[in-house]
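# A look at the structure
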Protein chains: 4
Amino acid sequence: MTLNIGVIGTGAIGREHIRRCSQVLQNARVVALNDINRANCEQVVNELGLKAEIYDNAHDLINSPEVQAILVTSWGPTHEEFVLAAIKAGKAVFCEKPLAVTAQGCMNIVEAEIAAGKKLVQVGFMRPYDSGYRALKTLIDSGEIGEPLMLHCAHRNPEVGDSYTTDMAITDTLIHELDVLRWLLQDDYKSAQVIYPRKTRKASSHLKDPQIVLLETVKGVRIDVEIFVNCEYGYDIQCQVVGESGVANLPEPMSIQTRSAAKLSTGILTDWKKRFIDAYDVELQDFINNVLSGNMTGPSAWDGYAAAVAADACVVAQNNGEIVPITMPARPAFYH
Amino acid sequence: MTLNIGVIGTGAIGREHIRRCSQVLQNARVVALNDINRANCEQVVNELGLKAEIYDNAHDLINSPEVQAILVTSWGPTHEEFVLAAIKAGKAVFCEKPLAVTAQGCMNIVEAEIAAGKKLVQVGFMRPYDSGYRALKTLIDSGEIGEPLMLHCAHRNPEVGDSYTTDMAITDTLIHELDVLRWLLQDDYKSAQVIYPRKTRKASSHLKDPQIVLLETVKGVRIDVEIFVNCEYGYDIQCQVVGESGVANLPEPMSIQTRSAAKLSTGILTDWKKRFIDAYDVELQDFINNVLSGNMTGPSAWDGYAAAVAADACVVAQNNGEIVPITMPARPAFYH
Amino acid sequence: MTLNIGVIGTGAIGREHIRRCSQVLQNARVVALNDINRANCEQVVNELGLKAEIYDNAHDLINSPEVQAILVTSWGPTHEEFVLAAIKAGKAVFCEKPLAVTAQGCMNIVEAEIAAGKKLVQVGFMRPYDSGYRALKTLIDSGEIGEPLMLHCAHRNPEVGDSYTTDMAITDTLIHELDVLRWLLQDDYKSAQVIYPRKTRKASSHLKDPQIVLLETVKGVRIDVEIFVNCEYGYDIQCQVVGESGVANLPEPMSIQTRSAAKLSTGILTDWKKRFIDAYDVELQDFINNVLSGNMTGPSAWDGYAAAVAADACVVAQNNGEIVPITMPARPAFYH
Amino acid sequence: MTLNIGVIGTGAIGREHIRRCSQVLQNARVVALNDINRANCEQVVNELGLKAEIYDNAHDLINSPEVQAILVTSWGPTHEEFVLAAIKAGKAVFCEKPLAVTAQGCMNIVEAEIAAGKKLVQVGFMRPYDSGYRALKTLIDSGEIGEPLMLHCAHRNPEVGDSYTTDMAITDTLIHELDVLRWLLQDDYKSAQVIYPRKTRKASSHLKDPQIVLLETVKGVRIDVEIFVNCEYGYDIQCQVVGESGVANLPEPMSIQTRSAAKLSTGILTDWKKRFIDAYDVELQDFINNVLSGNMTGPSAWDGYAAAVAADACVVAQNNGEIVPITMPARPAFYH
């Protein structure tokens, strides 16, 4: 049983997913490609030796009888349109983040999916597929550290380019925490606040870096996330859960321990692409398996919507310095 | 050269300090004792085999020509009176925290000391004498991690009695961070905010536990301190400094690493008295040495005042949920 | 391009490899099965939903035109016969350890393969495919710790059954170190010595446990391997390389760090099957890829022979308590 | 109660001990000095502001009525003579290692002390006073890891001068392990073997470095000690105890953990003097306290003898490459 996949958008992440489907994962085959630049598709076909048809129009790809499932890895602002089209065609669709560039766009997808009566959408949030976060969730769920009360998190990048703006700390960086922490805690956000520490001299003049985001959940859990995208020393993702009777930390990535030059050291990654590389494989294999079995279990359109609502509130909090309430509608029964 | 010390207050901490001066430290001798209960003094004299005179009145002890320096370890509300008397007598005085129970009381001492024209007062803040905090300060000052931008701290106790109230999280617990972080950063506080996470079921009904205190310094450093006094698992003091180019953590106390029962473990202390036990020795020896050399360098009356001002603001912030400004007068030249 | 595989032996490890080829790996398909008990084959076919032919005779499977490559996962004493038959048929063969039950049997395979003029054999040593050992080899080869001088290793199991005998510490347990350390150091063994520490009371009366094996390599590196198969606390593989200017340790498996019950802990595995589970996947995918590309690069028949020669010397050393020389013939150019 | 101490030998370690007695420890006073070079004594008296008499003859110092206890910190070959003289004078004596330069010399001291009928001698083995080794012993004695079966140890120095010879790896370096491991295990040695790994290019041409010493105890515990005195990276003392149900490691010295330049690091000491600096204080205070209380409990003349016997066997093993038996006479009741 092999799933025939069509891919819309053959930029960097699109190519990575095509390579995955072709060379790493089981039971999938990329049979159709579309890109605003047809030459990109041709290059991918040649590089990977694909037997895939190139479509000049994404909607033709979506509606092609050869295509059983869609990967949307095109430019963010086009996601909503293509996901809605896939739903209309009754086909499963994996959409890289963001699901849509506005919360309302995400809600449009939620409503279309409910109307279709069948779960078809998986959003490309890969952290719930990371073995470290999974182990952390298993430990929390085991009750070994009691009920979670606080989370202390950090999301640190060695550096960012000049085009990275203050709000991207939320929409490009924190967005991963906004997704994975909801999943980890099985909880929703209630308020957000942003505070600005002393700025690092390594950041662009227009960028506020670092930032600290304070989140409150419906159950009362308090979360602080340090976002520091010019930290210099490495790509470092920290998550500490403080429970009623103990504390648990997200594992550090595996590393050789050395004793050298008066230091006992392990390595820290510097390239974000290596940090969750295994999680991308697991995520996409899960999508393939779920489509083939007819039971979608990954991050849903509702999860995409929830992250978008929280991100919007955080951006408001960045600007007004206040504690901004986050209001979510009740989760539709469809997503239970 | 031996310093003749008089001790006011022979409760638990008084006895510990008497034992230190008699059995551990160099160049000191306890020659005079006072307590509101004379029998306590007699017991200490017998237990430790002291040759010390017992005074029924603390002021007589302070003014005795036999006594060269004073330790004030009596009930907190009496501290201000005895410290002022020691200053008036022109004698060096080591006063356990709090220096006074109000910021105004601390300021009275500051003004008396300035008027006396000579540094005489050391406040009993022992963390700057802890080898871990000292190593952390040395590392910060070396520039190895760049300018500090953020501090993530935790102060966790396994449990507290029913008499521990919500404001004591500030006045008894956070007070140590309020002192040591000023010293670590050589900076002053500018604002305070307190947030209340989901409450642990292990705390008394009247106690908000845990709490998170957010501090901002004049230089813009942002500090978060988790205070969790019923954390169950141990007595655990954490301090992480995030600088422009690296991160440094307060060392964990030395511990055997074991591999046993499917766990690779080191021990965590459960008794706070063991955590800073060496620091108490260093602190008091430093007082003795400084009195003998005539150059007081330990935590000063000004440091006691600064901690009191910050603590007052934190208590206000506990109650109003707002960001409370902290205003300190300019540091008098006397304390530079 | 899909490799059609025939599997001889459908016991525990055979089934695991069949599952891998069918459900995890790329470009492979199990098309033929053989077992001394035909019912075992039928069960596997049913459980995994295979479209595979069942052969009553292993040689018929080997010679079937449907079968392009062979996995030998049958009873150890049969390995030599089936591997030789595969070579005779000109087909690639992956053989679980041991390649043969004697060093002479391994040499027979080496000679047959050389005579065939083409590398066809991969031995099932999976540790060189473990990401930890690979990282360790990369670090050694980088020169970061200088030339290796000593290795301190441990191979610990929580417990073994009563059927485990003293010599199995070499032939079943140490055999993995004998393989992986040759690969890690790109060196051969020169002598072996075995010493017996105080025996644990947890071991069977007939079993000497723990044991320490001392190995010397041709380049003069000294290796000590502690083998302790009733260590109780976990399945724990340690490898420390001491070089001229630094020391490197095999990484610990990823684990959540917790603070709980006065302990700061990470978990230790107790089940050996989980320790190298990823390495098995990589190992077999490598075999598949190599067969398809016509370039065999995994552990060779010569590696199987070298491990067997070293193991024989260790068993002699177990019995005579002496330093036993290990003599290897020169490596044939065929295996360079 | 203050102990009047006379010090014979005012070289580096002598001065350190004089400083300790004068400025750090309680209840001691250095009242007499002797050195083969009187000017050395004068310099120490001036530097430390001592009120001490300088003796031109060590025996006059030993016999002076002003002197209650003796520290022998002179050149090794003179130790035996001065310790015997102190015993004859009925005075307690702390003697830096070696107690005597031959095992027979140690035995002469043992016999003299027994004849004197009173414990008077403490040998300067400081590791049993190190808080890490003490914690390790406490853990072993608690039974938490079961009966010890094996010890894996390392004694690494960054570098040694050209005057350091191969036998000094035993007599100057391993000697500390020979003492502390007997104490840790409460056991005696039964045999020794020395093996020479590939030599580091950083060592002098005449020096075999590293070396591995294999020891067997009477109870059957097997110990391996790596001695590597040109390891470059730091001064590093490792001791791992493998018991029947768990493993325990000597703690690493306290150190700040940093995240910097893609490394998560703690520091390793490079100067041996810092590693056991606290242990020297505890050791000498213990001597002072024991003399004052009349109950000598530190490393005894018998311990000095036992270390010398074991060291002699190790030197033989260095030269003949064989397993050399170590035979100790029964411990006299006097030393139980």
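Residues numbered from 1 in each chain as written. Chains lettered and ligands numbered in written order. Predicted model: local features only at pLDDT ≥ 70, side-chain atom pairs only at ≥ 80, totals over all residues. Heavy atoms only, no water.

## Considering the overall build of chain A
Put simply, the rule is: Helix numbering and strand numbering both begin at the N terminus, where a helix is a DSSP run of H or I of at least 4 residues and a strand a DSSP run of E of at least 2. Radius of gyration here uses only the C-alpha atoms, and the compact-globule reference equals 2.2 Å multiplied by the residue count raised to the power 0.38. For each residue, the accessible area found with a 1.4 Å probe, counting protein chains only, is set against the maximum for its type, and the residue is called buried under 20%, exposed over 50%, and partly exposed in between. The contact criterion used is simple: two residues touch if any of their non-hydrogen atoms lie within 4.5 Å. Computed with the Shrake-Rupley method and a 1.4 Å probe, the accessible areas treat only the protein chains shown as cover for residues.
Across its full length, chain A holds ten helices and 15 strands. Against the globule reference of 20 Å for 336 residues, chain A gives a C-alpha radius of gyration of 20 Å, in line with a compact fold. Based on the C-alpha atoms only, the size of chain A along its principal axes is roughly 55 × 55 × 45 Å. The 336 residues of chain A split such that 61% are buried. Pairs at least 24 apart in sequence give 71% of the contacts found in chain A among residues at least 6 apart. In the form shown here, chain A has an accessible surface area of approximately 12,800 Å², with 50% of it arising from carbon and sulfur atoms.

## Notes on the UniProt feature "domain: Gfo/Idh/MocA-like oxidoreductase C-terminal" (unreviewed entry) in chain A
What counts is decided by this rule: UniProt positions are given in the numbering used here, feature names are shortened, and annotations may be inferred rather than shown by experiment.
The positions that UniProt labels "domain: Gfo/Idh/MocA-like oxidoreductase C-terminal" (unreviewed entry) are, in the present scheme, residues 137-325 of chain A. What you have in residues 137-325 of chain A is 34% helix and 28% strand, and the ends, taken at the C-alpha atoms, are 26 Å apart.

## A word on the pairing of strand β5 (residues 92-95) of chain B
Residue and element names in this part refer to chain B. Note the cut-off: Note on pairing: two strands pair once DSSP finds at least 2 bridges between them.
Burial along β5 is two-sided: A92 and F94 and V93 and C95, pointing in opposite directions, are all buried. Note that strand β4 (residues 69-72) and β5 share four bridges and pair parallel. Of the residues in β5, the one forming a bridge with A69 is A92. Direction of pairing for β5 relative to strand β6 (residues 121-123): parallel, over a ladder of three bridges.

## Digging into empty space enclosed by the protein
Residue and element names in this part refer to chain A. The line we're drawing: Definitions used for this entry: grid spacing 1 Å over protein atoms alone; cavity, a set of points where a 1.4 Å probe fits but cannot get out; pocket, an open set with protein on both sides within 12 Å along at least 5 of 7 lines; lining residue, one with an atom within 4 Å of a point. Grid points are joined across faces, edges and corners, and a volume is the space filled by probe spheres set on the points. In this classification, Asp, Glu, Lys and Arg are treated as charged, Ala, Val, Leu, Ile, Met, Phe, Trp, Tyr, Cys and Pro as nonpolar, and every other residue, Gly included, as polar.
Under the definition given, this model contains one cavity of 30 Å³ or more. The computed volume of the largest cavity comes to approximately 30 Å³. Contributing to the lining of the largest cavity are S191, A192, Q193, L214, L215, E216, R222 and I323. By residue class, the composition of the lining of the largest cavity is four nonpolar, two polar and two charged.

## Focus on the UniProt feature "domain: Gfo/Idh/MocA-like oxidoreductase N-terminal" (unreviewed entry) in chain A
According to UniProt, the positions carrying the feature "domain: Gfo/Idh/MocA-like oxidoreductase N-terminal" (unreviewed entry) are residues 3-125 of chain A. Here residues 3-125 of chain A runs as 44% helix and 22% strand, with 21 Å between its end C-alpha atoms.

## Structural notes on the packing of aromatic side chains
Residues and elements named next belong to chain A. Selection rule: Put simply, two rings from Phe, Tyr or Trp (the six-membered ring, in Trp's case) pair if the centres are within 6.5 Å, and we call them stacked under 30 degrees between planes, edge-to-face over 60, tilted for the rest.
For the structure shown, the criterion picks out 17 aromatic pairs over all chains. Where W302 meets Y305, the ring centres are 5.2 Å apart and the plane angle is 45°; that geometry is what we call tilted. With W302 and Y305 both in helix α10 (residues 301-320), this residue pair falls three residues apart, about one helical turn. Plain terms: the ring middles of F334 and Y335 are 4.9 Å apart, the flat faces sit at 80° to each other, and that makes the pair edge-to-face. Y335 gets classed as buried once you look at its relative accessible area, which sits at 4%.

## Some thoughts on the interface of chain B and chain C
Inclusion rule: Two parts placed together each lose some accessible area; with a 1.4 Å probe, that loss summed over both constitutes the buried area. Any Lys or Arg side-chain nitrogen found within 4 Å of a carboxyl oxygen on Asp or Glu counts as a salt bridge. Throughout this description, a polar contact denotes any pair of N or O atoms lying within 3.5 Å of each other; where both atoms belong to protein, one of them has to be capable of donating a hydrogen while the other can accept it, and for residues adjacent in sequence the pair is counted only when both atoms sit in side chains.
On the chain C side, the residues contacting the 16 residues of chain B number 16 residues. Regarding the contact of chain B and chain C, the summed buried area is about 1,300 Å², with carbon and sulfur atoms giving 50% of it. Of all residues in chain B, R259(B), A262(B) and L264(B) give up the largest surface area on contact with chain C, accounting jointly for 43% of the area buried on that side. Counting across the chain B and chain C interface gives four salt bridges. In this structure, R259(B) and E252(C) form a salt bridge, with 2.8 Å as the shortest nitrogen-oxygen distance. Remark: the boundary between chain B and chain C carries eleven residue pairs in polar contact (both at pLDDT 80 or more). Secondary-structure elements contributing two or more residues to the side of chain B that touches chain C are β11 (236-243), β13 (257-260) and β14 (263-267) of chain B. Here the side of chain B that touches chain C takes five residues from β14(B), the largest share from any one element. Here the side of chain B that touches chain C is composed, by residue class, of five nonpolar, six polar and five charged. Pairing between β14(B) and strand β14 (residues 263-267) of chain C: five bridges, direction antiparallel. In the sheet register, T266(B) faces β14(C), and the bridge partner there is L264(C).

## Topic: the relation of the copies chain B and chain C
How we decide: Least-squares fitting of one copy onto the other uses the C-alpha atoms of those residues that reach a pLDDT of at least 70 in both copies.
Least-squares fitting of chain B to chain C yields an RMSD of 0.0 Å, with the transformation described by 0.0 Å of translation along the axis and a rotation of 180°. Each copy turns onto its partner about a two-fold axis. Across chain B, the smallest distance between a C-alpha and the rotation axis is recorded for S265(B), namely 2.1 Å.

## Quick word on the state of the cysteines
Filter applied, for reference: The definition used for a disulfide is geometric: two cysteine sulfur atoms within 2.5 Å.
Per the stated rule, a full pass over the model turns up zero disulfides over all chains. Unpaired in terms of disulfides, C106(C) finds its nearest cysteine sulfur in C95(C), a separation of 8.8 Å.

## A few points about the sheet that holds strand β3 (residues 53-55) of chain C
Residue and element names in this part refer to chain C. How we decide: Only the stretch in contact is used when a helix axis is fitted, and all axes are lines through C-alpha atoms; the angle between N-to-C directions ranges over 0 to 180 degrees.
Spatially, six strands are ordered β3-β2-β1-β4-β5-β6 in an open sheet, and the strand pairing comes out parallel. One side of each edge strand has no neighbouring strand; the edge strands of this open sheet are β3 and β6 (121-123). The mean angle between the axes of side-by-side strands here comes to 25°, regardless of whether they run parallel or antiparallel. Where strand β1 (residues 3-8) and strand β4 (residues 69-72) come together, four bridges link them in parallel fashion. When the sheet's bridge partners are listed, G6 is paired in β4 with I70.

## A word on the packing of helix α1 (residues 12-24) of chain D against helix α9 (residues 277-293) of chain D
A packed helix pair is summarised by two numbers, namely the angle formed by the two axes and the spacing between the axes. All names here are of chain D. The test is simple: An angle counts as roughly parallel when it lies under 35 degrees, as roughly antiparallel when it exceeds 145, as roughly perpendicular when it falls between 65 and 115, and as oblique in every other case.
For the pair α1 and α9, interaxial distance at closest approach is 11 Å and the crossing angle is 70°. It follows that α1 is roughly perpendicular to α9 by the angle criterion. Touching H17, R20, C21 and V24 of α1 are I277, Y280, D281, E283 and L284, all from α9.

## Thoughts on the sheet that holds strand β3 (residues 53-55) of chain A
Residue and element names in this part refer to chain A. If you trace the six strands from one edge of the open sheet to the other, you get β3-β2-β1-β4-β5-β6, paired in parallel fashion. Only two strands of the sheet have a single partner each, and these edge strands are β3 and β6 (121-123). With strand direction ignored, the average angle separating the axes of adjacent strands in the sheet is 25°. Packed onto the sheet, helix α1 (residues 12-24) meets β1 (3-8), β2 (28-34), β4 (69-72) and β5 (92-95) and runs at close to 150° relative to β2.

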